[in-house]
Amino acid sequence: MRACLSTVTSNDPENWSAYRALAHTMLDQSISFIQGIREAPIYNIVEMPKNVCDLLNEPLPEIPQGFEKVCKDFTDLVFPYFTGNVHPRFWGWAAGNGNIGASIAQLMSATMNSNAIGGAQSSTLVESQVLKWCRQIFGFPQTSGGLLVSGTSMATVIALCIARNRVLGKNHNVRLEGIIGGPKIVGYASKETHFSSVKAFELLGLGSNALRMIPVDTNYCIDMDQLEKTLAEDLQNGYVPFCIIGNAGTVNTGAVDDLFALKTFASKYELWFHVDGAFGALAVLDEKLKPRFHGIESADSLAFDFHKWLHVPFDAACLLTRNKMEQHATFSFHEDYMNTHDTADDQQFFFSMGPELSRGFRALSVWFTLKEHGIQRLGQKIHENCEQIQYLVSLLSCYSWIEINRPVSLNIVCFRLRPANMVNNEEINILNEKIVNEMQQSGVAVPSTTMLNDCLHIRCCIINHRAVMNDFDLFVKELVRISGKTFKRISTQLDWITILIHHNTLFSLN
């Protein structure tokens, strides 16, 4: 019988010394890459090279290729091609830089290979400690619930699931009977709210129409009068309001809703108050910014990312809930093969606090980051980013052909280039899109674009612990250079753009 068994004993290396040496080389390569990132051009590839696509499109490996071959393929085909958010001048989207210490944490987490479901293991203590620190940061009671998840999108689904079950559970058992036959429940959020909240409503079976998107005021914050009016209409039409979502930093402009007013509104109508703080919430680490977030400590649930302004490597986020028992009642499940008798607190089993049973040890990267850098230093970097955006505004303000969208309240500025001889909005939009593309291709910096009031704006979002003031001087210098080159071509191209717009209009009418 034994003769039939495979002679392969494990997937461990046959030559540990050689394996160790190559592993050290890969680690050195990673550290050297980050060490020299400032001197490197930012990632500017529009389309992956064909030869790279062809080489990665290989048949399913049937025999071992070896660690050395895999490392070489990674170095040649994978490592050079990524979005560039580790660079000091990556300002396009809300993505943090990461940090070297947390990279080591991810290596150690992979070595431990813990399934962080809870129970008597160190991952439970680490995640519990991280949650305790988060409650302290945001002023939540230590008796509140919480969970580390992949991102604010998942945290929002979990939070609104608890809220949904609470309101529907007044009439029947939602977990047994579902939502069919229940009342028509609706929620509220500003039109500037991230689309992840819309997806949450869809995933929870409520439909996107059940999330009422409320207009915003001139500061891009939710219009409280319109909110009151919409809710009154819903009550009159037989709907059951169940939640309100407040923004602690919108993705477009960084606007912060009046969270205290929203909490007061939620209490008045017995609504669940959820705060989307994906990147902005951690601005409370800066004592000067903290007052803008008054009311966040009273939320029924708060979702925020560590992989943005805390610069933990992807992915790591947090959900805090005020009522731990409601969270547990929404997700706990008991089966004979998941006996939790080894602890007196079933709520220390994290699979009972959310939908995932298989859970990576993502808390370790957060733990590493908080311990290595401390909240004072992390808060100072947030403060510096907000100062840097004001410095960028001051540089842009020197040019009459640059329109700055105001107010610039946190760490995001939106602006557009508008030459004096251009009046057609679509032409201006095309121009700004072109300039952003050229800026990204230059390798100097990566801004992005967004639409505000039907106008395309260039958007710079500073979530970057490596950025310094000189980076913004360089950015504006390159912006002026690209713009000057583009403006010279405007007089000859405007006629063609106008013809193209006219053609498209006629085509759509036909």
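What this report covers is the structure whose coordinates are included nearby. (Residues numbered from 1 in each chain as written. Predicted model: local features only at pLDDT ≥ 70, side-chain atom pairs only at ≥ 80, totals over all residues. Heavy atoms only, no water.)

### With respect to the overall build of the protein chain
Using the following cut-off: Put simply, DSSP marks the helices as runs of H or I at least four residues long and the strands as runs of E at least two long, and each gets a number from the N terminus on. For this measure, only C-alpha atoms enter the radius of gyration; the expected value for a globule follows 2.2 Å times N^0.38, where N is the number of residues. What makes two residues a contact is simply this: any of their non-hydrogen atoms within 4.5 Å. Working definition of accessibility: Shrake-Rupley area with a 1.4 Å probe, residue cover restricted to the visible protein chains. Working convention for charge: Lys and Arg count positive, Asp and Glu count negative, and His plus the chain ends are omitted. Note that the charge is assigned to NZ on lysines, CZ on arginines, CG on aspartates and CD on glutamates.
Looking only at helices and strands, one finds 14 helices and eleven strands in the protein chain. Its C-alpha atoms give the protein chain a radius of gyration of 26 Å, within 12% of the compact-globule value 24 Å for 510 residues. C-alpha extents for the protein chain along the principal axes are approximately 85 × 70 × 55 Å. Taking all contacts inside the protein chain whose residues are at least 6 apart in sequence as the whole, residues at least 24 apart take part in 73%. Carbon and sulfur atoms form 56% of the exposed surface of the protein chain, whose accessible area is close to 25,600 Å². Averaging the locations of the 42 positively and 51 negatively charged side chains of the protein chain gives two centres separated by 3 Å.

### Examining the nonpolar core
This is how it is decided: In this description, a nonpolar core means a group of buried Ala, Val, Leu, Ile, Met, Phe, Trp, Tyr and Cys residues linked to one another through side-chain atoms lying within 4.5 Å. Each residue's exposure class comes from its accessible area (1.4 Å probe, protein chains only) as a fraction of the maximum for that residue type: buried when under 20%, exposed when over 50%, partly exposed otherwise.
Among the nonpolar cores identified, the biggest contains 93 residues, and Phe138, Phe304 and Phe306 are the most heavily contacted of them. Of the residues forming this core, the biggest block, ten residues, is contributed by helix 6 (residues 152-168). Those residues in contact with phenylalanine 304, other than ones at most four positions away along the chain, are Cys134, Phe138, Thr152, Gly277, Ala278, Ala281, Leu282, Ala317, Cys318 and Leu320. By size, the runner-up hydrophobic cluster in this structure holds 30 residues, among which are Leu395, Ile435, Ile462 and Ile482.

### Points about the sheet that holds strand 11 (residues 455-461)
Operational definition: Strand pairing requires that DSSP identify at least two bridges connecting the strands. Each axis is a line fitted through C-alpha atoms, and for a helix only the stretch in contact is used; angles between axes span 0 to 180 degrees, taken between their N-to-C directions.
Pairing within the open sheet is antiparallel, and its four strands lie in the order 8-9-11-10. The open sheet has two free edges, formed respectively by strand 8 (402-405) and strand 10 (448-452), since each of these has just one partner strand. Direction aside, neighbouring strands of the sheet carry axes that sit 40° apart on average. Of the pairings in the sheet, the one linking strand 9 (residues 412-417) to strand 11 comprises four bridges and is antiparallel in character.

### Notes on the packing of helix 4 (residues 100-112) against helix 12 (residues 363-396)
Test applied: It is the rotation of the near helix from the far one that decides the hand of a crossing: anticlockwise by less than a right angle makes it left-handed, clockwise makes it right-handed. Each residue receives one of three labels: charged for Asp, Glu, Lys and Arg, nonpolar for Ala, Val, Leu, Ile, Met, Phe, Trp, Tyr, Cys and Pro, and polar for the others, Gly being one of them.
Where helix 4 meets helix 12, the axes come as close as 8 Å, and the angle between the chain directions of the two elements is 145°. Crossing handedness for the pair helix 4 and helix 12: right-handed. Between helix 4, through Gly101, Ala102, Ala105, Gln106, Met108 and Ser109, and helix 12, the contact on the second element is made entirely by Leu364, Ser365, Phe368, Thr369 and Glu372. Of the residues belonging to the contact of helix 4 with helix 12, the class tally is five nonpolar, five polar and one charged.

### Section: the pairing of strand 4 (residues 240-247)
The condition that has to hold: Clockwise travel from the first strand over the helix to the second, with the strands pointing away from the viewer, marks a crossover as right-handed.
Most of strand 4 sits inside the fold, with seven of its eight residues counted as buried. Where strand 2 (residues 185-190) meets strand 4, four bridges bridge the pair, whose relative direction is parallel. Bridge pairing in strand 4 links valine 186 to proline 241. Pairing geometry for strand 4 and strand 5 (residues 272-276), over five bridges, is parallel. Residue pairing across strands places isoleucine 245 opposite histidine 274, the latter belonging to strand 5. Each parallel crossover has a hand, and for strand 4 linked through helix 10 (residues 259-269) to strand 5 it is right-handed.

### Regarding the pattern of salt bridges
Where we set the bar: The working definition used for a salt bridge is a side-chain nitrogen of Lys or Arg within 4 Å of a carboxyl oxygen of Asp or Glu.
If you walk through the whole model with that rule in mind, you get 15 salt bridges. With a shortest N-O distance of 3.5 Å, glutamate 438 and lysine 434 are connected by a salt bridge. Taken as a pair, glutamate 438 and lysine 434 lie in helix 13 (residues 425-442) at a separation of four residues, close to a single helical turn. Judged by relative accessible area, which is 32%, lysine 434 ranks as partly exposed. Through salt bridges with shared partners, one network takes in Arg38, Arg89 and Asp471.

### Description of a nonpolar patch on the surface
Inclusion rule: Patch definition: residues with relative accessible area over 30% and no salt bridge; like charges joined within 9 Å; nonpolar side chains (Val, Leu, Ile, Met, Phe, Trp, Tyr) joined within 5 Å.
On the surface, a nonpolar cluster with roughly 300 Å² of combined accessible area is contributed by Met48, Leu56, Phe74 and Val78. The topology assignment puts leucine 56 in helix 2 (residues 50-56).

### Some details on the environment of isoleucine 31
Its place among the elements puts isoleucine 31 in helix 1 (residues 16-35). The class of isoleucine 31 is partly exposed, set by a relative accessible area of 36%. Sequence spacing of isoleucine 31 and isoleucine 42 is eleven residues, and the spatial spacing of their C-alpha atoms is 17 Å.

### Some words on the packing of aromatic side chains
Where two aromatic rings form a pair, the distance of their centres and the angle of their planes describe that pair. Spelled out, the test is: Any pair of Phe, Tyr and Trp rings, taking the six-membered ring for Trp, is counted once the centres come within 6.5 Å. Such a pair is stacked with planes under 30 degrees apart, edge-to-face with planes over 60 apart, and tilted for the rest.
As enumerated under the stated definition, the model contains 15 aromatic pairs in all. Centre to centre, the rings of phenylalanine 138 and phenylalanine 304 are 4.8 Å apart; their planes meet at 50°, and the pair counts as tilted. With phenylalanine 138 in helix 5 (residues 122-138) and phenylalanine 304 in strand 6 (residues 301-305), the pair connects residues that are 166 residues apart, well separated along the chain. For the ring pair phenylalanine 265 and tyrosine 269, a centre distance of 5.0 Å and an interplane angle of 50° mean the geometry is tilted. Here phenylalanine 265 and its partner tyrosine 269 are both found in helix 10, four residues apart, which amounts to about one turn of the helix.

### Looking at the sheet that holds strand 3 (residues 211-214)
On the basis of which strands lie adjacent, the open sheet formed by seven strands has the order 1-7-6-5-4-2-3 and mixed pairing. With one partner strand each, in any of the chains shown, strand 1 (145-149) and strand 3 form the two edges of the open sheet. When strand polarity is set aside, the average angle formed by the axes of neighbouring strands in this sheet is 20°. Across five bridges, strand 1 lies against strand 7 (residues 317-321) in antiparallel orientation. Directly across from valine 149, in strand 7, lies its bridge partner alanine 317.

### A closer look at the state of the cysteines
Worth spelling out the cut-off: When two cysteine sulfur atoms lie within 2.5 Å, the pair is treated as a disulfide.
In this structure the tally under the stated criterion is zero disulfides. Looking at cysteine 243, it has no disulfide partner, and the nearest cysteine sulfur is the one in cysteine 161, 12 Å off. The exposure class assigned to cysteine 243 is buried, which follows from its relative accessible area of 0%. Of all cysteine sulfurs in the structure, the one in cysteine 134 sits closest to cysteine 318, which takes part in no disulfide; the separation is 4.2 Å.

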